[in-house]
Amino acid sequence: MAFLKYSLIRLALFAPLFVLFMFLKLGAVLSVICAALIAFAVSYLFFQKQRDAAAAAIHGRLSGKAKPLRSESEVADAEAEDSLLDANPDITIRNSGPKASETKAPEA
């Protein structure tokens, strides 16, 4: 959440600056560069607390200490499906297509 908050702050700084520079007819590329540099400088100088919180959130997610995105039962289900697929290589799984009630029974 901290990363999203900091990103929104930077976007809120960038957008009006970009519009201002476009209004001043600097051109699209130069407007982007100037707005990005000024937004970076302002956020770097005045939003250190939010920047540090965002960095800590990213570090926590990438460090391996974050809670897993799947629960233990979801991981167990996925492992069971994988083992069944490994044991039966002729079975394929389709994520799209007709629903189970619409499929035809296999012919003998």
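What you see is a predicted model, and the numbers here were worked out from it, not measured in a lab.

## Digging into the overall build of the protein chain
Of the regular secondary structure elements, the protein chain holds 4 helices and 0 strands. Beginning at the N terminus, the succession of helices and strands in the protein chain can be written as α-α-α-α. Buried residues in the protein chain amount to 9% of all 108 residues. Pairs at least 24 apart in sequence give 45% of the contacts found in the protein chain among residues at least 6 apart. In the form shown here, the protein chain has an accessible surface area of approximately 9200 Å², with 65% of it arising from carbon and sulfur atoms.

## Some points on the side chain of Ser43
By the element assignment, Ser43 lies in helix H2 (residues 28-46). The class for Ser43 is buried, based on a relative accessible area of 0%. Polar side-chain contacts of Ser43 include one of 3.0 Å to the backbone oxygen of Phe40. If we skip the residues at most four places from it in the chain, Ser43 touches Tyr6, Arg10, Leu13, Gln48 and Arg51.

## Considering a nonpolar patch on the surface
Residues Leu20, Phe23, Leu24, Leu26, Val29, Leu30, Ile33 and Leu37 make up a contiguous nonpolar surface patch of roughly 790 Å² in combined accessible area. For the nonpolar patch, the secondary-structure elements that each account for two or more residues are helix H1 (2-23) and H2. In terms of residue count, the dominant contributor to the nonpolar patch is H2 (4 residues). If you trace the backbone, Leu20 turns up in helix H1.

## Describing the packing of H1 against H2
Two numbers describe how H1 lies on H2: the axes approach to 8 Å, and their chain directions differ by 140 degrees. Regarding the angle of H1 to H2, the classification is oblique. For the crossing formed where H1 meets H2, the hand is right-handed. Taken together, the residues of H2 that come into contact with H1 (itself represented by Tyr6, Arg10, Leu13, Phe14, Leu17, Phe18, Phe21 and Met22) are Ala28, Ser31, Val32, Cys34, Ala35, Ala36, Ile38, Ala39, Phe40, Val42 and Ser43. For the contact of H1 with H2, the class distribution of residues is 16 nonpolar, 2 polar and 1 charged.

## What about the packing of aromatic side chains?
Summed over all chains, the structure comprises 2 aromatic pairs. Seen in terms of ring centroids, Phe14 and Phe18 are 5.9 Å apart; in terms of plane orientation they differ by 10 degrees. Their pairing is stacked. You can see Phe14 and its partner Phe18 sitting in helix H1, 4 residues apart, about one turn around the helix. We classify Phe14 as partly exposed; its relative accessible area is 23%. Residue Phe18 is classed as partly exposed on the basis of its relative accessible area, which comes to 25%.

## Some remarks on the confidence of the model for the protein chain
Here the protein chain shows a mean pLDDT of 85. Residues at 70 or above account for 86%. Across the protein chain, H2 holds the top mean pLDDT of 96, while helix H4 (residues 72-87) sits lowest at 84.

What counts and how
- Residues numbered from 1 in each chain as written.
- Predicted model: local features only at pLDDT ≥ 70, side-chain atom pairs only at ≥ 80, totals over all residues.
- Heavy atoms only, no water.
- Helix = DSSP H or I, 4+ residues; strand = E, 2+ residues; numbered from the N terminus.
- Buried < 20%, exposed > 50% of the residue type's maximum accessible area, 1.4 Å probe, protein only.
- Contact = heavy atoms within 4.5 Å.
- Areas by Shrake-Rupley, 256 points an atom, 1.4 Å probe, with all protein chains shown as cover.
- Polar contact = N/O pair within 3.5 Å; in protein donor to acceptor, adjacent residues only side chain to side chain.
- Patch = residues over 30% accessible without salt bridge, like charges linked within 9 Å, V, L, I, M, F, W, Y side chains within 5 Å.
- Salt bridge = Lys/Arg side-chain N within 4 Å of Asp/Glu carboxyl O.
- Axes fitted to C-alpha atoms, helices over the stretch in contact; angles between N-to-C directions.
- Parallel < 35°, antiparallel > 145°, perpendicular 65-115°, else oblique.
- Left-handed = near helix turned anticlockwise from the far one by under 90°.
- Nonpolar A, V, L, I, M, F, W, Y, C, P; charged D, E, K, R; others polar.
- Phe/Tyr/Trp six-rings, centres within 6.5 Å; stacked < 30°, edge-to-face > 60°.
- pLDDT = per-residue confidence, 0-100.

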